[in-house]
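Inside the fold
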Amino acid sequence: MTDAIYAARFQFAFTIMFHYLFPVLTMGLGVLIAVLKTLQIVKARDEYGDAARFWARIFAITFAAGVVTGIPMEFQFGTNWARFSRYAGPVVGQTLFMEGVFAFFAESAFLGVFLFGERRVNPLLHWLAAVMVGLGAVVSGYFIVATNAWMQNPVGYQIVNGRAELTSLWALLGNPYVRWMYPHVISGSMITGSMVMAGVGSYYLLSRREPELGRLSVRLGVTTGLIFALVSLFPTGSLHGENVARYQPVKMAAMEGVFETQEGAPLAIIGMPDTERRELLDPIFVPKMLSYLAYGDFRAKVVGLNDIPDDRQPPVELVYYAYHIMVGLGTIFIAVLGVAALLLWRGTLFTNRLWLWVLMLAMPFPYVANHAGWIVGEVGRQPWVVYGLQRTAEATSTNVSGGMTVFTLLGFMGLYLLLGLLYVFLFLKIVHQGSRHGHA
Amino acid sequence: MVIHELWFVVLAFMLTGYAVLDGFDLGVGALHLFVGRNASERGRAIDTIGPVWNGNEVWLLAAGGSMVVAFPAVYAASFSGFYLALMVVLWLLLLRGISIEFRHQVDSPLWHEVWDVVFCGASALLAVLFGVAVGNVLRGVPLDARGEFQGSFALMLNPFAVLGGVLSLATLSLHGAAWLAHKTDGQLQPRARRLVGWMWWVVLALLAAMVAASFVVRPDFTTNFTRWPVLLAFPLIGLGGAAYLRRAWARHDNRGAFLGSATLIAGTLASAAAGLFPHLLPALPGSSHPGLDIYNASSPAGSMRIALGIYLFGMTLVTVYLVNIYRIWKGKSQQYYI
């Protein structure tokens, strides 16, 4: 039975992390494309329309990959996590259902108009389609994050006959946990969209092709990227961190590698948590900073892992390293994009080959940062699937064996490998074609 | 309490909506390899569904969402019970989505050929598997005392369910052919029309066989119809759709023929739902559970009421989008993919 739990957990982790590679780009890119379409109308210049058309092709393959890998997520609640569905379905079903009827319908319907309708509908409707696609992606994200926030901090429910019943929709949608988690997720996605845009634009400038598309992509990508890299740190990141400290002190202790409960806790910049010796090895501390960041008071008490029963602790190392990777990369993004913005302002970025190279090579790292953030959130919640209410081990399907789950996991791995290779191939192909395509 | 009955109607409506809408693009997928004789004709067939297939598939996700929120026990039991079959459905949906979206990205005959075969195979198999699933739900499944079961492939592939699979493939192919006849011109249209002509007979014969088999497999299937004769309207609507399809087809009214096949599918599925009520997942005789129905498998009433409000508001929006979207794409399909 424990094998079955590990198999189900691994399958969920694998499929959702692969899936999230795509929406993390489309949420940000959808907004940026809507910005390009708006600029096209406001400034009445074709180059914005050409750029929107180019980025829409990237958006289209990414959206398709996101849709096909997203369907398994909804299925898995029933196939692998039947007891979770029975227990929490009356609540989490609401937000999943809202994603379908409010956001996903709009996004899918208007994507067709946006991609294929430019010569068929009037320019204003085409602009509206672009806005609806961007809006749909971002609203879709809200319902998914609200679902997750309920699993992190259950609100607006009562337990009836051993399962959750929703008592207040507004409590579910206005969960204090979602208030800063959602803006943080969206800013992560905006950074991803922006840095991919800046990276591809840099490639064009470096290879001396598509100069207009390149300059426009770099300018928009660097500007929005820097704004959202800062927003990711403050207010969204730090205030979401305060929420984590308030609602899930165990996760906070694991994120920061705090073993001893202490007042005026220091912030560990680096260090290696050792769960055997129950201490942080070779740390570099900023005194009293953690107490301040988590509770707004330099003398506040931070609960340490030693005062929390073992069966209520997440895997500490994974949470700690994922958190430090996320924060470290976030800091690097601010530096890279800050320098790029400075060069842009001085008018030398487009000829600064070193920094264009840096921007191009930085493209994969927003993905790493976003995924690390989800690991902190999801692994940090363990051993609970619904925090404080249902344990992950009590959420699986009892009539599905570990062998079946392993078999289907292998199936997913094979298909996702194929999909991943195809996606990268098509991405590179579209970049290679540039804006020449689409004028036919 | 009336909320349970309302959710039964909603769920039946969502699944029927899915079958009618994604049904024609699954049918086009199953047929395009044969109706189109070369890569460009096949591409034209796919162009007819290019802008709309994704929105159609959202009905499946929304139907799944409505099942989670209203009848979580059915969702949990059927999805974990039909585990391997549903995973295969997932993989096919995945391959189908990849093939339709990635096919037109590269201009090479071999690339097109590979994705055409994948698209055809995945679409046809999905049509079969959806029919098999409906067949198994109608027939009932073995349930243990907790309402759990484990459906092996052998259990799923009983003769009744297989008949359901064949019927589903035939019906969705007819639906797809009617769509192609409506949306294309040139070489494709007469071929699609010929298909509609003889597929109509096949579907009617299979449908008659399925109805006869239902009486054998589930003798109580008529109970609801004798108790509430008004429900007989659904089978009559289905038959009316079939008759209208034939008449419109003979008069070269291809749009009318497509609407006829949509009505046929909607009437058939509504009849199945009417016969099943109030069961959602009936138990096979000999099970230690009476079967999952809208009362013993539902969410608490409060959750269902909140979700119904969301649903009515959401579907109003969806209707507005859909009407406008299909209006934008009305008329003969053009080459959308460049």
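So, the overall build of chain B
Scanning chain B from terminus to terminus reveals 13 helices and 2 strands. For 338 residues, the compact-globule estimate of 2.2 N^0.38 gives 20 Å, and chain B sits close to it at 20 Å. Taking the principal axes of the C-alpha coordinates as reference, chain B spans close to 55 × 40 × 40 Å. Considering chain B as a whole, with its 338 residues, one finds that 64% of them fall into the buried category. In chain B, of all internal contacts separated by at least 6 residues, the share reaching a separation of at least 24 is 81%. Approximately 12,700 Å² of chain B is accessible, and the part contributed by carbon and sulfur atoms is 71%. Once the 21 positive and 16 negative side-chain charges of chain B are each reduced to a mean point, those two points are 10 Å apart.

Describing the overall build of chain A
The helix and strand tally for chain A stands at 14 helices and 8 strands. The globule rule puts the C-alpha radius of gyration for 440 residues at 22 Å, and the 23 Å found for chain A is close to it. Judged by the C-alpha coordinates and their principal axes, chain A covers about 65 × 50 × 40 Å. Taken across its 440 residues, chain A has 60% of its residues classed as buried. Residue pairs in contact within chain A that sit at least 24 positions apart in sequence constitute 77% of those at least 6 positions apart. For chain A, the accessible surface area stands at approximately 17,200 Å², while carbon and sulfur atoms represent 67% of it.

Digging into the interface of chain A and chain B
Many descriptions give the size of an interface as the accessible area lost when the pieces come together. Taken together, the contacts link 71 residues of chain A with 70 residues of chain B. Between chain A and chain B, a total of about 6,400 Å² is buried, with carbon and sulfur atoms accounting for 74% of that surface. Contact with chain B buries area across many residues of chain A, yet Phe-97, Phe-105 and Arg-120 of chain A alone supply 13% of it, more than any other trio. Counting across the chain A and chain B interface gives 1 salt bridge. Between Glu-148 of chain B and Arg-86 of chain A there is a salt bridge, and its shortest N-O distance comes to 3.3 Å. The tally of links from chain A across to chain B stands at 18 residue pairs in polar contact (both at pLDDT 80 or more). Elements represented by at least two residues in the side of chain A that touches chain B include exactly α3 (46-79), α4 (82-116), α5 (123-152), β2 (163-166) and α14 (402-433) of chain A.

Some points on helix α11 (residues 316-345) of chain A
What sets the pattern is the α-helix's 3.6 residues per turn: residues three or four places apart point alike. Counted at 1.5 Å a residue, the expected span for α11 of chain A with its 30 residues is 44 Å, and the 43 Å between its end C-alpha atoms agrees. Just downstream of α11 of chain A, Gly-347 of chain A is the residue with a positive phi angle, here 80°.

Some remarks on the environment of Val-137 of chain B
Residue and element names in this part refer to chain B. One can find Val-137 in helix α6 (residues 109-139). Put simply, Val-137 and Val-35 are 102 residues apart on the chain and 33 Å apart in space, counted from C-alpha to C-alpha. With residues near it in sequence (within four places) discarded, Val-137 still touches Leu-276, Leu-280, Leu-281 and Pro-282.

Observations regarding helix α7 (residues 176-206) of chain A
Residues and elements named next belong to chain A. The end-to-end C-alpha separation of α7 is 46 Å, in line with the 45 Å expected for 31 residues at 1.5 Å each. The element α7 is extensively covered by neighbouring structure, given that 26 of its 31 residues are classed as buried. Two residues or fewer past α7, Arg-208 is found with a positive phi of approximately 55°.

A closer look at the confidence of the model for chain B
This prediction gives chain B a mean pLDDT of 92; 98% of its residues lie at or above 70. Interface confidence in the predicted complex, given as ipTM, is 0.90; pTM for the same model is 0.93.

Procedures and definitions
Residues numbered from 1 in each chain as written. Chains lettered and ligands numbered in written order. Predicted model: local features only at pLDDT ≥ 70, side-chain atom pairs only at ≥ 80, totals over all residues. Heavy atoms only, no water. Helix = DSSP H or I, 4+ residues; strand = E, 2+ residues; numbered from the N terminus. Rg over C-alpha atoms; globule rule 2.2 N^0.38 Å. Buried < 20%, exposed > 50% of the residue type's maximum accessible area, 1.4 Å probe, protein only. Contact = heavy atoms within 4.5 Å. Areas by Shrake-Rupley, 256 points an atom, 1.4 Å probe, with all protein chains shown as cover. Lys, Arg positive; Asp, Glu negative; His and termini not counted. Charge placed at Lys NZ, Arg CZ, Asp CG, Glu CD. Buried area = accessible area lost by both parts, 1.4 Å probe. Salt bridge = Lys/Arg side-chain N within 4 Å of Asp/Glu carboxyl O. Polar contact = N/O pair within 3.5 Å; in protein donor to acceptor, adjacent residues only side chain to side chain. Expected span 1.5 Å × (residues − 1). pLDDT = per-residue confidence, 0-100.

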